[in-house]
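Chains, contacts and geometry: an overview
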Amino acid sequence: MINKIITVFFILMGCSIGCVSASDTIFSMVDDQVYISRDSGKSWSGIYVESATTVKYNYMCFDTANRLVYAATNTCLLKSSDGGKHWTKIFPSGTQEPVNRIAVSLDGTSSIYAVTLDGLYTSSNNGKNWKPLSLPSRQGYFIQPFRKENKIYLAGGQNAYLSRDNGITWNSISKNIPESISILDMAVNPQNSLQVYIASAEGLFYSGNGGKHWKKKNISSKDWIQTTKIIYSNTNPAILYALDNDVKESGISYLRKSSDGGNTWRLIASKENIQLFTINYNNPSMIYYSYTSSMAVSGIESALSSIVKSVDGGSKWTSIEAVMPGYSRARLMLLRPW
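As a starting point, this report considers the structure included with it. Bear in mind the structure is a predicted one, so any value in this text is a computation, not a measurement.

Focus: the nonpolar core
Ranked by internal contacts, the top residues of the largest apolar core, which has 32 residues, are Met 60, Tyr 70, Leu 77 and Ile 102. By size, the runner-up hydrophobic cluster in this structure holds 16 residues, among which are Ala 155, Leu 162, Ile 177 and Trp 214.

Quick look at the structure:
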């Protein structure tokens, strides 16, 4: 009995010293650098991903089932199996090609999809082999695959598309969305591929039948609100978060939450210039956002970036006394889900 107690004690001590939880690890991406924080954003360090001197980072995503991190750059696609310490080039082979967007299928297959300037490619074995697919538009910035259903959603610019044969043929699904729309983000229910949201400069649009019909979601009483980002929870897709920007009232940003699939929304945070936000996709109660503010030091106006987190779905917030490096150029903030 004593030996068991001692063993458990040392296991717990080992985890308290060396184990890193999902709440500790955040990735931030700017044009020419990837940063990582292992203490909820209090301190940051740059990580070595790509050796090219003119590298530009475009996107990152996770394969939660296999605990893999993927990074897309202007020369290739890379993979890390140790949380970002070491990286391996997995696409393309022997050449350079910009990878603009990447996504992992959320249906348990761990299939990867990479959007380049010239095409769409997929791998079903963690990047060892790749298969070319067709690409309906070079403005495909947002992609969501469902490998078991042979479905792929693609959106960008003013258009959205759906393939029902895993990227061989495509159909436009944006016919009854206003032509002036500028798509800024897309989210598909990970447990129901018929439910799709598009965030745009004209607000938030929803389809419950795979893009056949769309309806504008009036989550604000103000017509001039822009919705810049929309996120579904992987484990509980009834929960969504959306980021809105008020283009008329001094850049005020609104972070909203829905607990009923997007039917109703409540405001959980309001700040000037919320730049980025992210959630733990497997624990939707954990949210982080960053915002910029101005401060006069010795008569000189300076911009500062602050990080705020919530562990209860946005009811209470805690400010983190730290500055995210490269915040003025940051394009992505991701909370590691494991």
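And the narrative resumes.
Examining the side chain of Ser 37
Turning to its location among the elements, Ser 37 is positioned in strand 2 (residues 33–37). A distance of 2.8 Å separates the side chain of Ser 37 from the backbone nitrogen of Gly 41, its partner in a polar contact. Among the polar contacts made by the side chain of Ser 37, one reaches the main-chain carbonyl oxygen of Ser 43 at a distance of 2.9 Å. When sequence neighbours within four positions are dropped, the list of residues in contact with Ser 37 reads Asp 24, Thr 25, Ile 26, Lys 42, Ser 43 and Trp 44.

Observations regarding the pattern of salt bridges
Taken as a whole and judged by the stated rule, the model has six salt bridges. Asp 32 is the partner of Arg 329 in a salt bridge, and the nearest nitrogen-oxygen pair spans 3.0 Å. On the criterion of sequence distance, the pair formed by Arg 329 in the loop between strand 27 (318–320) and strand 28 (332–335) and Asp 32 in the loop between strand 1 (26–30) and strand 2 is long-range, its members being 297 residues apart. Judged by its relative accessible area of 42%, Asp 32 falls in the partly exposed class. For Arg 256, the salt bridge is made with Asp 244, and the minimal N-O distance between the two is 2.6 Å. Separated by twelve residues along the polypeptide, Arg 256 in strand 22 (residues 252–258) and Asp 244 in strand 21 (residues 240–246) bring together distant segments of the chain. Judged by relative accessible area, which is 10%, Arg 256 ranks as buried.

Observations regarding the pairing of strand 4 (residues 57–63)
Counted residue by residue, strand 4 has seven buried out of seven residues, so it is predominantly covered. Relative to strand 5 (residues 68–73), strand 4 runs antiparallel, the two sharing six bridges. Following the sheet pairing, Tyr 57 is matched in strand 5 by Thr 73. The antiparallel pairing of strand 4 with strand 5 creates a hairpin that spans four residues between the two strands, and Arg 67 there sits at a positive phi of about 55 degrees.

Here we look at the sheet that holds strand 3 (residues 45–47)
With antiparallel pairing, the four strands of this open sheet are ordered in space as 3-2-1-28. Each edge of the open sheet carries a strand with a single partner, namely strand 3 and strand 28. Direction aside, neighbouring strands of the sheet carry axes that sit 30 degrees apart on average. Here strand 1 runs beside strand 2; their pairing, made up of five bridges, is antiparallel. If you follow Val 30 over to strand 2, its bridge partner there is Gln 33.

Conventions we followed
- Residues numbered from 1 in each chain as written.
- Predicted model: local features only at pLDDT ≥ 70, side-chain atom pairs only at ≥ 80, totals over all residues.
- Heavy atoms only, no water.
- Core = buried A, V, L, I, M, F, W, Y, C linked by side-chain atoms within 4.5 Å.
- Buried < 20%, exposed > 50% of the residue type's maximum accessible area, 1.4 Å probe, protein only.
- Helix = DSSP H or I, 4+ residues; strand = E, 2+ residues; numbered from the N terminus.
- Polar contact = N/O pair within 3.5 Å; in protein donor to acceptor, adjacent residues only side chain to side chain.
- Contact = heavy atoms within 4.5 Å.
- Salt bridge = Lys/Arg side-chain N within 4 Å of Asp/Glu carboxyl O.
- Pairing = 2+ DSSP bridges.
- Axes fitted to C-alpha atoms, helices over the stretch in contact; angles between N-to-C directions.

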